[in-house]
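Coordinates in review
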Amino acid sequence: AVVSTQSGHYGRGNEKVNEEELAILSRLKFWKYFVLVLTKIQRFEHSNMDALKSDISTLFHSLAPVQRTLPLGTQPVVTTSDSGQKTKTMTGFEYLINQRLLSSTPPRYISITERPEACQYLLRVFAHLDLMTGVAECTTLSGIIRFFVKFSEQGPTVLPRSCLYYIVLFENKFLGNEDFVKYVKDEVRNFSHPISFLTPFISDRFIKGIIDKFLDDVSVCVQDYLHAMSHNKGRQRRKLGGLLGTLGRLYSRTEEYDNLIHNRIAKQESTANHIRALSCWMLFITVEVMIKYLLLGWELELYQIHESHYVYCYLEHLFTWLRQTVLCGQALIQSSESLEKKLVKRHKNMKKKKRDKSHGMVLQMTNVYQMLSHAYIKAMEGFAIQGKLNDYLHRRYDNEEIRFRQRFSPLSMQSLTISYLPLDYSTYVSLSHVISDAKAGKEYELFNESLDCFKSVKEILDKIPQEHSVEFLSKVVKMNCVQMSLAIKGHNKDSSEPPILDFSICQNVPFIKVV
């Protein structure tokens with residue numbers, strides 16, 4: 001309170017003035033830290049990460065006094081039109097003029113929110129900025145990619161997404177500290193342990209030139225992948241679809257690099273094997289992007305219920321290839337390590353480098369998603385036999401083959417370079433003959449097969465440590481076990497309503513509701 005100069009005691013008028021002054025000061029403090037945080041991000045230095053976290057925390061808490069003083073100051077004037085509609089007019093602000101100052105982009109929906117809602121929106125933005133700083137704990141390229149994917153699943157706005165990409169790839173260095181190419185090289189070494197990375201061979205100028213070219217090309221592709229994940233879901237999917245063509249061409253060149261290096265090394269070491277040492281990891285990244293492209297279709301609600309059958313058929317196909325790629329990487333590691341032991345004995349100055357053995361968890365989760373895809377396939381086949389999808393499967397003037405090709409057109413482009421990877425429509429039809437050839441009671445066998453898959457997944461997830469964050473996935477699997485048990489007992493079997501795929505618990509794995 002402020003002491004009145006006239007009466008010498010605290011007055012209500014002076015208390016109000018003091019509250020307004022504190023409100024102004026709280027807003028100045030808020031803008032000070034807001035500008036300070038953005039400036040530190042723009043001029044990012046790895047050594048200032050702790051200071052950036054502290055400033056973001058202060059910025060988050062500086063909004064509380066602003067929220068408490070919202071009723072003070074100039075308030076909107078409520079006016080009533082001739083039709084009786086009430087509108088709020090703010091002195092000094094005209095949203096139509098504000099719209100004209102925007103850039104010349106296509107028309108889009110703009111929401112002018114109230115002050116309390118605006119404060120809640122800012123709190124979400126600052127919470128995402130604070131979450132963004134967790135990328136500093138990532139030490140591998142796979143960890144960085146997983147962080148971008150998980151961060152995108154939180155639904156951040158454009159500011160946190162842009163800030164994350166900016167600080168991660170500041171001056172083409174991870175967090176402005178180390179060259180991004182180094183992280184790519186370490187990731188390839190951990191995945192397949194190419195013998196060309198060993199000291200006796202990397203010193204060859206011809207081999208080193210090929211490796212450097214490969215790492216530079218891959219580094220650009222991975223940066224494009226991270227850049228795509230920094231957009232909203234719609235643009236993510238479009239950019240990932242365009243990136244698949246680049247990845248396919250690079251995979252083709254990588255196979256040529258493997259052959260050139262293998263022929264070169266074979267002249268020095270006849271037992272050495274470099275076939276698929278680089279292209280194996282390249283295929284792994286390509287399949288991961290293809291899977292992410294398909295999963296984004298669920299998040300964007302692009303698929304109809306009957307399309308889930310061939311979407312999961314394609315996903316099962318891709319997870320099968322992903323699993324084979326990981327197993328290929330493991331085999332290459334064993335071959336390279338046995339050769340490395342011989343070289344260490346032969347070259348006394350050569351030291352064996354430590355490798356991050358992370359294939360176990362990757363292989364385990366790949367098996368989980370492969371079995372989940374199979375479980376959903378069998379569940380949808382059972383529902384189709386029961387007639388719950390008839391309204392979708394027998395539409396007039398419809399061509400399912402055209403829809404199939406349209407859904408997977410970016411993935412089918414890979415047939416130019418990875419001829420054995422795409423799943424074409426004729427192959428899908430041969431896989432789904434069980435629906436057309438079904439006999440009475442066949443659906444219960446399919447539901448039972450789906451239930452067995454869900455139970456197997458549940459057993460695997462129960463053994464995974466909690467730090468891998470699979471609790472939501474485990475919850476969905478348990479609920480699906482219950483629903484499949486009900487379907488086996490004939491729950492709502494006479495209903496023509498299609499099942500509901502609920503993604504409210506997990507964005508990529510739905511909970512099946514039998515209605």
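Check the entry above for the structure.
This write-up is about the structure you can find in this document. Going along each chain's sequence as written, the residues are numbered from 1 onward. Restriction of local features to residues with pLDDT of at least 70 applies here, the model being predicted, together with a cutoff of 80 or more for giving and counting side-chain atom pairs; totals for whole chains, interfaces and linings are based on all residues. With hydrogens and water stripped out, all remaining heavy atoms of the structure feed into the side-chain values.

1. With respect to the side chain of Lys378
Note the threshold: Counting from the N terminus, the helices are DSSP H or I runs at least four residues long and the strands are E runs at least two residues long. Partly exposed residues are those whose accessible area sits between 20% and 50% of the maximum for their type, while under 20% is buried and over 50% is exposed, using a 1.4 Å probe and protein chains only. For this analysis, residues touch if any pair of their heavy atoms sits within 4.5 Å.
Its place among the elements puts Lys378 in helix α14 (residues 359-385). Owing to a relative accessible area of 14%, Lys378 belongs among the buried residues under this scheme. Look past the residues within four positions of Lys378 in its chain and what remains in contact with it is Leu446, Glu449 and Ser450.

2. Some words on unusual backbone geometry
Not every positive phi belongs to a glycine, and Glu301 is a case in point at roughly 55°. Note that Glu301 resides in the loop between α12 (279-299) and α13 (308-346). Using a relative accessible area of 71% as the deciding quantity, one classes Glu301 as exposed. Of note, the phi angle at Asn492 is positive, near 55°, even though the residue is not glycine. Checked against the element boundaries, Asn492 lands in the loop between α21 (471-488) and β6 (500-502).

3. Observations regarding the environment of Leu332
Structurally, Leu332 is set in helix α13. Here the alpha-carbon distance between Leu332 and Ile195, two residues 137 residues apart in the chain, equals 9.2 Å.

4. Looking at the environment of Val149
Considering the arrangement of structural elements, one finds Val149 in helix α6 (residues 141-153). Take Val149: its relative accessible area is 17%, and that puts it in the buried class. With near-sequence residues (within four places) excluded, Val149 lies in contact with Tyr225, Met229 and Lys292.

5. What about a nonpolar patch on the surface?
The criterion, for reference: The patch calculation keeps residues exceeding 30% relative accessible area without a salt bridge and links them within 9 Å when they carry like charges or within 5 Å when they are nonpolar (Val, Leu, Ile, Met, Phe, Trp, Tyr). All accessible areas in this document rest on Shrake-Rupley with a 1.4 Å probe, and a residue is counted as covered only by the protein chains that are shown. By convention in these notes, a salt bridge is any Lys or Arg side-chain nitrogen within 4 Å of a carboxyl oxygen on Asp or Glu.
Judged by side-chain polarity, Leu22, Ile24, Leu25 and Leu28 come together as a nonpolar surface patch covering roughly 410 Å² of accessible area. Examined against the element boundaries, Leu22 turns out to sit in helix α1 (residues 12-42).

6. Here's the deal with α14
In an α-helix, one turn spans 3.6 residues; hence positions three or four apart end up facing the same way. What counts, and what does not: Multiplying 1.5 Å by the residue count of a helix minus one yields the expected span of that helix.
Relative to the 39 Å expected for 27 residues at 1.5 Å per residue, α14 spans 39 Å between its end C-alpha atoms, a close match to the ideal helical length. Looking one or two places after α14, you find Gly387, whose phi comes out positive at around 85°.

7. Some remarks on the pattern of salt bridges
Applying the stated rule across the entire model yields 17 salt bridges. Notably, a salt bridge pairs Arg264 with Asp204, separated by 3.1 Å at the nearest N-O pair. Taken together, the residues span a long stretch of sequence, with Arg264 in helix α11 (residues 233-268) and Asp204 in the loop between α9 (199-202) and α10 (205-228) at a distance of 60 residues. Classification of Arg264 by relative accessible area gives partly exposed; the value is 33%. For Asp204, a relative accessible area of 14% corresponds to the buried category. Put simply, Lys513 and Asp502 hold a salt bridge, and the shortest N to O gap is 3.3 Å. Placement of the pair is Lys513 in strand β7 (residues 511-513) and Asp502 in strand β6, with a sequence separation of eleven residues.

8. Focus: the pairing of strand β1 (residues 77-80)
Under the convention used in this document: Paired strands are those between which DSSP finds at least two bridges.
Pairing analysis gives four bridges linking β1 to strand β2 (residues 86-89), with the strands arranged antiparallel. Bridge assignment links Val77 to a residue of β2, and that residue is Thr89. Linking β1 back to β2 in an antiparallel pair, the connection comprises five residues, with Gly84 at a positive phi of about 90°.

9. Digging into the side chain of Lys292
Relative to the helices and strands, Lys292 is located in helix α12. In this structure Lys292 touches Val149, Glu153, Tyr225, Met229, Gln236, Leu240 and Glu299, once residues within four positions along its chain are discounted.

10. Here's the deal with empty space enclosed by the protein
Put simply, the test is: The pocket and cavity definitions rest on a 1 Å grid over protein atoms only: a 1.4 Å probe that fits but cannot leave marks a cavity, an open set with protein on both sides within 12 Å along at least five of seven lines marks a pocket, and residues lining either have an atom within 4 Å of a point. Grid points are joined across faces, edges and corners, and a volume is the space filled by probe spheres set on the points.
Inspection of the entire model under this criterion finds one cavity of 30 Å³ or more. As a volume, the largest cavity reaches approximately 80 Å³. Along its surface, the largest cavity is lined by Leu295, Tyr312, Leu315, Phe319, Tyr369, Leu372, Ser373, Tyr376, Asn508 and Val509. Of all the elements in the fold, those that place two or more residues in the lining of the largest cavity are α13 and α14. Considering every element that reaches the lining of the largest cavity, the biggest residue donor is α14, with four residues.

11. As for the packing of α6 against helix α8 (residues 180-192)
Our working definition: The convention used is that axes are lines fitted to C-alpha atoms, helices contributing only their stretch in contact, and that angles between N-to-C directions extend from 0 to 180 degrees. Roughly parallel means an angle under 35 degrees; roughly antiparallel, over 145; roughly perpendicular, 65 to 115; everything else is oblique. Amino acid classes used here: Ala, Val, Leu, Ile, Met, Phe, Trp, Tyr, Cys and Pro are nonpolar; Asp, Glu, Lys and Arg are charged; the rest, including Gly, are polar.
Between α6 and α8, the shortest axis-to-axis distance is 8 Å and the interhelical angle comes to 105°. With respect to their mutual orientation, α6 and α8 come out roughly perpendicular. Packed against α6, whose contacting residues are Leu141, Ser142 and Ile144, the element α8 presents Phe180, Tyr183, Val184 and Glu187 at the interface. In the contact of α6 with α8, the residues fall into five nonpolar, one polar and one charged.

Geometric values such as these leave the question of function open.
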